[in-house]
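Notes for the structure review
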Amino acid sequence: MKSIHYVPPLVALIIAAAWLTYLRGSNSALEQNNLSLQKKIAESRNATVLQNERASAVAKSPKPKREKKSSEKESKPLTEFMPTASDFNELVLLNNNEGVRFNLTAACRRLETLASEMSGDELVRAYTLMASLPVDAPFRNYLESLMLNQLKKKNPEFAFSQLIAKCQNEDTGPIKMGDFNEWLARDPAAATTWYESQLATQVFDKTLDGKTPNMVPFEAAFMMSLLASDPAAAEQRMNNIPPDLRASLGAYVWDVPKENSKAFVDLLRKSMPVEEYMAILRKNSLTEYNFSYGSKSDPKNVQKNLDSLGFTPAERSTLMAQFFTEFAQGRAVSERWTMPSREKFDEQRKWIQAIDPSSADRATGFALQSYLEESKTTSAQDFVEKVAMDYHGSGAGDEILLPLVEGSANGSIPFPKDRARVMATKISDDSIREEMLQKLN
């Protein structure tokens, strides 16, 4: 065979050898790529685990305190957190889908943090933007309240103007405007100028009933700021509040410095009936919260406190009656489906007797009347009748019977007149006894 006959097979062998070499190279490259990819995946997983471990360790151990630099103490601009308006929209709308759980989400915590770090101008823009967002009412109310609380410090003119508008356009009370006193103390000139401008534009005259309850927190703030320096001006501020709205002052004057206590109590005495101003004082810081529901204060300490405030016998009697009445109403609600507790009433009566013995019978009588009025059950009728008759039979005065007898006579409580007549015959004062029996006929 000639040599030329061997050429084709040789060429084929060379081509086959080259192809096998290429395939081996490709497989090797693929293996290298796979190994590289596997390595990267493993490194990524290890880094994630390490990062989680570090985060867990940081969360479990207290962070060391460090002095913040002046640049860190400044409010960070909104653009550092939300470069565009769509970021704010996205965060709000994302949380909007959480329903009643919106205040438990991480997004909500993020919004709270942002609100505290945003400037006044940024908050105003965000608040204005809220009007165009399709947000559920509860979440919208939450966000608006969050922003306005921050704006009270950063742009109070805008914040309080919005709050006034909300009170007049919605069925909400003026309680959230109670922080005006902080602005007045911080910048009296600006706060006064703003308030006078509101009066000049008659924004407070837009209420339907004409009572302008929205003025109360503002006038209260001015009144309290003048209490020590200019009592006459403070009284004038009180006179700016309509008499039928003065009882609502309590929410705005509860924290009174003790050095101003005499001037404060005197101002209240001049301005409203004893029942109204004692209701304010009962829940005021001056009484040291001795008359909050369920109070267990030492009677001697309570006596000392009342003496320091110069309360008259009539004021003490009113105070004790109000406190015992509120206690009785609470007991009536909690015992509506159970038997009334004589033990609780006995404990409360003894506490009042230890503070002011002369007020105990009247306070007990009004408490029993209120218990029956709130409960409206047959068992409550039996309970109050037995308690009142037992106390009276043990030496208590007629004042413990009179509220039940009078309440039956005028129909204010569901107490049968025949039982009230029996009770009226026990009254020791002849003239009062005859008067009550006449009313029960």
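Only a predicted model underlies this, so the values are computations on that prediction, with no experimental measurement involved.

Considerations on the layout of surface pockets
By volume, the largest pocket is sized at about 400 Å³. Taken together, 18 residues make up the lining of the largest pocket; nearest its centre are Gly178, Asn181, Glu182, Tyr252 and Asp255. Of all elements in the fold, only helix H8 (180–186) and helix H10 (216–226) reach the threshold of two or more residues within the lining of the largest pocket. Considering each element in turn, the lining of the largest pocket owes the most residues, five residues, to H10. Within the lining of the largest pocket, the residues separate by chemical class into 12 nonpolar, three polar and three charged.

Let's talk about helix H6 (residues 137–154)
Between its first and last C-alpha, H6 extends 25 Å over 18 residues, near the 26 Å set by a 1.5 Å rise per residue. Regarding H6, the residues found buried are Phe139, Arg140, Leu143, Glu144, Leu146, Met147, Leu148, Gln150, Leu151 and Lys152.

Regarding the environment of Lys426
Looking at the element boundaries, Lys426 is found in the loop between helix H20 (417–424) and helix H21 (430–440). Sequence separation between Lys426 and Asp398 is 28 residues, and the spatial gap between their C-alpha atoms is 8.1 Å. Setting aside residues up to four positions removed in sequence, Lys426 forms contacts with Met389, His392, Asp398 and Leu401.

Structural notes on the packing of aromatic side chains
Throughout the structure, instances matching the rule amount to 26 aromatic pairs. Between Tyr127 and Phe158 the ring centres are 5.6 Å apart and the planes differ by 85 degrees, which places this aromatic pair in the edge-to-face class. Here the residue Tyr127 occupies a position in helix H5 (residues 120–130), and Phe158 occupies one in helix H7 (residues 156–169), the gap between them amounting to 31 residues. Among the residues examined, Phe158 registers a relative accessible area of 19% and is labelled buried. Ring plane angle 55 degrees and centroid distance 5.7 Å describe the contact between Phe180 and Phe222, whose orientation is recorded as tilted. Taken as a pair, Phe180 in helix H8 and Phe222 in helix H10 lie far apart in primary sequence, 42 residues in all.

Some points on the confidence of the model for the protein chain
Parts of the prediction with low pLDDT should not have their coordinates interpreted in detail. With 77% of its residues at a pLDDT of at least 70, the protein chain reaches an overall mean of 82. Note that pLDDT drops below 50 for residues 33–86; the model gives that stretch 19 contacts with residues more than four away or on any other chain.

Let's talk about the nonpolar core
A general tendency of soluble globular proteins is for nonpolar side chains to be buried together. Core analysis: the largest hydrophobic core is formed by 66 residues, its most contacted members being Leu249, Phe264 and Phe345. Among the elements that make up this core, the one with the highest residue count is helix H15 (residues 313–334) (eight residues). Among residues more than four places away in sequence, those in contact with Leu249 are Val216, Ala220, Met223, Met238, Ile241, Met272 and Ile280. Leu114, Met130, Leu163 and Leu184 belong to the second-largest nonpolar core, a separate cluster that totals 41 residues.

Description of the packing of helix H16 (residues 342–355) against helix H18 (residues 378–393)
How two helices sit against one another is set out by the angle between their axes and by the gap between those axes. Closest axis-to-axis distance for the H16/H18 pair is 12 Å, and the angle between their directions is 40 degrees. Taken together, H16 and H18 sit at an angle that is classed as oblique. For H16 against H18, the interelement crossing comes out right-handed. Taking contact as the criterion, the partners of Arg342, Phe345, Asp346 and Arg349 in H16 are, on H18, Phe383, Val387, Asp390 and Tyr391. Looking at the contact of H16 with H18, its residues break down into four nonpolar, no polar and four charged.

A few points about the environment of Thr425
Among the secondary structure elements, Thr425 is positioned in the loop between H20 and H21. On the basis of relative accessibility, which here comes to 46%, the residue Thr425 falls in the partly exposed class. Apart from residues no more than four positions distant in its own chain, Thr425 is found in contact with Arg433 and Leu437. A polar atom in the side chain of Thr425 sits 2.5 Å from the backbone oxygen of Val422.

What about the side chain of Asp356?
Mapped onto the fold, Asp356 is located in the loop between H16 and helix H17 (360–375). Buried within the structure, Asp356 lacks any salt-bridge partner; its nearest side chain of opposite charge belongs to Arg316, at an N-O separation of 5.0 Å. Apart from residues no more than four positions distant in its own chain, Asp356 is found in contact with Arg316, Ser317 and Met320.

A word on unusual backbone geometry
Its identity is not glycine, yet Gln202 carries a phi of approximately 60 degrees, on the positive side. Checked against the element boundaries, Gln202 lands in the loop between helix H9 (188–200) and H10. Even without glycine at this site, Lys376 takes up a positive phi of about 60 degrees. One can find Lys376 in the loop between H17 and H18.

Some words on H16
With 14 residues, H16 should reach 20 Å at 1.5 Å per residue; the first-to-last C-alpha distance of 20 Å fits that figure. The complete set of buried residues in H16 reads Phe345, Gln348, Arg349, Trp351, Ile352 and Ile355. Each buried residue of H16 lies within a common arc of 160 degrees when the element is viewed along its axis, so the set occupies one face. Residues of H16 that are exposed and point over 90 degrees away from its buried face: Glu343 and Lys350. In this structure, the buried residues of H16 make contact with helix H14 (299–309), H15, H17 and H18.

Conventions used here
Throughout, residues of each chain are indexed from 1 in the direction in which the sequence is written. Local features in this predicted model are restricted to residues whose pLDDT is 70 or higher, and side-chain atom pairs enter the listing and the counts only when it is 80 or higher, whereas totals over whole chains, interfaces and linings include all residues. Hydrogens and water are ignored here; the side-chain numbers use all heavy atoms of the structure. Grid points spaced at 1 Å over the protein atoms alone were grouped into cavities, where a 1.4 Å probe fits but cannot get out, and pockets, open sets with protein on both sides within 12 Å along at least five of seven lines, with lining residues defined by an atom within 4 Å of a point. Grid points are joined across faces, edges and corners, and a volume is the space filled by probe spheres set on the points. Under the DSSP-based scheme used, a helix requires at least four consecutive residues in state H or I and a strand at least two consecutive residues in state E, with every element numbered from the N terminus. Residues are grouped as follows: Ala, Val, Leu, Ile, Met, Phe, Trp, Tyr, Cys and Pro are nonpolar; Asp, Glu, Lys and Arg are charged; every other residue, Gly included, is polar. For a helix, the expected span equals 1.5 Å multiplied by the number of residues minus one. Each residue gets one of three labels from its accessible area relative to the maximum for its type: buried under 20%, exposed over 50%, partly exposed in between, using a 1.4 Å probe on protein chains only. By definition, residues are in contact when any of their heavy atoms lie within 4.5 Å. Centre distance within 6.5 Å is the pairing criterion for rings of Phe, Tyr and Trp, where only the six-membered ring of Trp is used; planes under 30 degrees apart are then read as stacked, over 60 as edge-to-face, and the remainder as tilted. Each residue carries a pLDDT value, the predictor's own confidence for that position, ranging from 0 to 100. Side-chain atoms within 4.5 Å are what join buried Ala, Val, Leu, Ile, Met, Phe, Trp, Tyr and Cys residues into a set we call a nonpolar core. Axis definition: a line fitted to C-alpha atoms, over the contacting stretch in the case of helices. Angles run 0 to 180 degrees between N-to-C directions. Geometric relationships in this document are graded by angle, where less than 35 degrees denotes roughly parallel, more than 145 denotes roughly antiparallel, 65 to 115 denotes roughly perpendicular, and other angles denote oblique. In this scheme the handedness of a crossing depends on how the near helix is turned from the far one: anticlockwise by less than a right angle means left-handed, clockwise means right-handed. The definition of a polar contact used here is a pair of N or O atoms within 3.5 Å, where within protein one atom must be able to donate a hydrogen and the other to accept one, and adjacent residues in sequence count solely through side-chain atom pairs. Positive residues here are Lys and Arg, negative ones are Asp and Glu, while His and the chain termini are left out of the count. Salt bridges are defined by distance alone: a side-chain nitrogen of Lys or Arg within 4 Å of a carboxyl oxygen of Asp or Glu. By arc we mean the arc of the directions from the helix axis to the C-beta atoms, nothing more.

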